[in-house]
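Residues per chain, in single letters:
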Amino acid sequence: MRSWPGKAVHRPALLIGASLVAYAALASPALAQQECGAPPPGGGTVTCPPSLNPYPNGITYNNVVDDLTIVLDPDVLVQDTVSTTSATAGVDLRIEGPTDTDINTTVSGSPGVLIDSGAGSAQVDVDSVSTTASFSRGVTADSSNGTTVFVNSVTTSSKYSPGIVATVTGPTNLVGSSPSVQVASGTISTQQKYSDGIVATNLLGTVSVTSQSISTRGTHSHGVVVNAGGGREIP
């Protein structure tokens, strides 16, 4: 797990309540599929090398039926959404590119990273993410069994574009434990209205949020928004 020394929030740092700012639904990116090769049968890893830069159509592995980890090698540059989704029970999804990776999008409704494991767990670990158009979250991650987001830097430049949105929506199939949402970031910057820094929601369990620095400049844009059913931790 990454560790950052502290948190400086330049807008209201925390908004806790029963309701969250409503964001427009994000359309699933209609992009080319499996840019880094076919997923291994039965689950496994695909690796995206810098030799295929700049991935102009993004990296997309949607509707997968087995566990999948997408590895972004150091120096990978992606010019559209990195996306993976699954609706299959028990499928765990991972996007891993913590070192010298750069993801950026320029089209409205295009998040930098989109991961949705509707019946499993989801984890994102990336370096730099930026979006410049409206309705374009930096990272959006959802699961039923636990959602984890680690990111060094997130910048969004247009309206309705929060930096990180991490959720557990359920129903979970965990036995004997509850799903958690964990978010850890370096710096987050949003520039326009209705663009919170971090939104973390989990009505089925706990939420933990840490960030080194969060800056939001638009109206109706909070530093951190948390909605938790089982406890919350904001160091």
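How each quantity is defined
- Residues numbered from 1 in each chain as written.
- Predicted model: local features only at pLDDT ≥ 70, side-chain atom pairs only at ≥ 80, totals over all residues.
- Heavy atoms only, no water.
- Helix = DSSP H or I, 4+ residues; strand = E, 2+ residues; numbered from the N terminus.
- Buried < 20%, exposed > 50% of the residue type's maximum accessible area, 1.4 Å probe, protein only.
- Contact = heavy atoms within 4.5 Å.
- Areas by Shrake-Rupley, 256 points an atom, 1.4 Å probe, with all protein chains shown as cover.
- Core = buried A, V, L, I, M, F, W, Y, C linked by side-chain atoms within 4.5 Å.
- Disulfide = S-S within 2.5 Å.
- Pairing = 2+ DSSP bridges.
- Phe/Tyr/Trp six-rings, centres within 6.5 Å; stacked < 30°, edge-to-face > 60°.
- pLDDT = per-residue confidence, 0-100.

(A) View of the overall build of the protein. Each helix and strand counted, the protein has zero helices and 18 strands in total. Residue burial in the protein is summarised as follows: out of 235 residues, 49% are buried. For the protein, the share of sequence-separated contacts (at least 6 apart) that also reach a separation of at least 24 residues comes to 74%. Accessible area of the protein: about 9300 Å², with a carbon and sulfur share of 50%.

(B) Inspection of the nonpolar core at higher detail. Judged by nonpolar contacts, the single largest core of 42 residues is most densely connected at Ile59, Tyr61, Ile70, Ile103, Val129, Ile164 and Val209. Of the residues forming this core, the biggest block, four residues, is contributed by strand β10 (residues 122–131). In contact with Ile59, other than residues within four places in its own chain, are Glu35, Cys36, Cys48, Ile70, Leu72, Val78, Thr81, Val82 and Ser83.

(C) A look at the state of the cysteines. Taken as a whole and judged by the stated rule, the model has one disulfide. Residue Cys36 pairs covalently with Cys48 via a disulfide, S to S 1.9 Å. One quick way to see it: the torsion about the S-S bond of Cys36 and Cys48 is about 110°, and its sign makes the bridge right-handed. One end of the pair, Cys36, is in the loop between β2 (15–16) and β3 (44–48); the other, Cys48, is in strand β3, and 12 residues separate them in sequence.

(D) Here's a closer look at the pairing of β10. Within β10, seven of the 10 residues are buried, leaving the element largely enclosed by the surrounding structure. Examined bridge by bridge, β10 and strand β12 (residues 147–156) share nine bridges and lie parallel to one another. If you follow Val124 over to β12, its bridge partner there is Val149.

(E) Representation of the packing of aromatic side chains. Under the defined criterion, the tally for this structure stands at two aromatic pairs. Seen from their ring centres, Phe135 and Tyr160 are 4.8 Å apart, and the 0° between their planes marks the pair as stacked. Here Phe135 is found in the loop between β10 and β11 (139–143), whereas its partner Tyr160 is found in the loop between β12 and β13 (164–168), with 25 residues between them in sequence. Judged by relative accessible area, which is 28%, Phe135 ranks as partly exposed.

(F) Structural context of the environment of Pro56. Secondary-structure assignment places Pro56 in the loop between β3 and β4 (59–61). Pro56 sits 25 residues away from Thr81 along the chain, and the two C-alpha atoms are 9.4 Å apart. Discounting residues that sit within four places of it in the chain, Pro56 has contacts with Gln79 and Asp80.

(G) Highlighting the confidence of the model for the protein. On average, residues of the protein score 88 in pLDDT, and 84% of them are at 70 or above. Overall, residues 3–32 carries pLDDT values under 50, and its contacts beyond four positions in sequence, including any with other chains, amount to 72 contacts.

(H) Focus on the environment of Thr88. Mapped onto the elements, Thr88 comes out in the loop between β7 (82–86) and β8 (93–105). Since its relative accessible area comes to 28%, Thr88 is described here as partly exposed. Separated by 23 residues in sequence, Thr88 and Val65 place their C-alpha atoms 5.6 Å apart. With residues near it in sequence (within four places) discarded, Thr88 still touches Val64, Val65 and Ala119.

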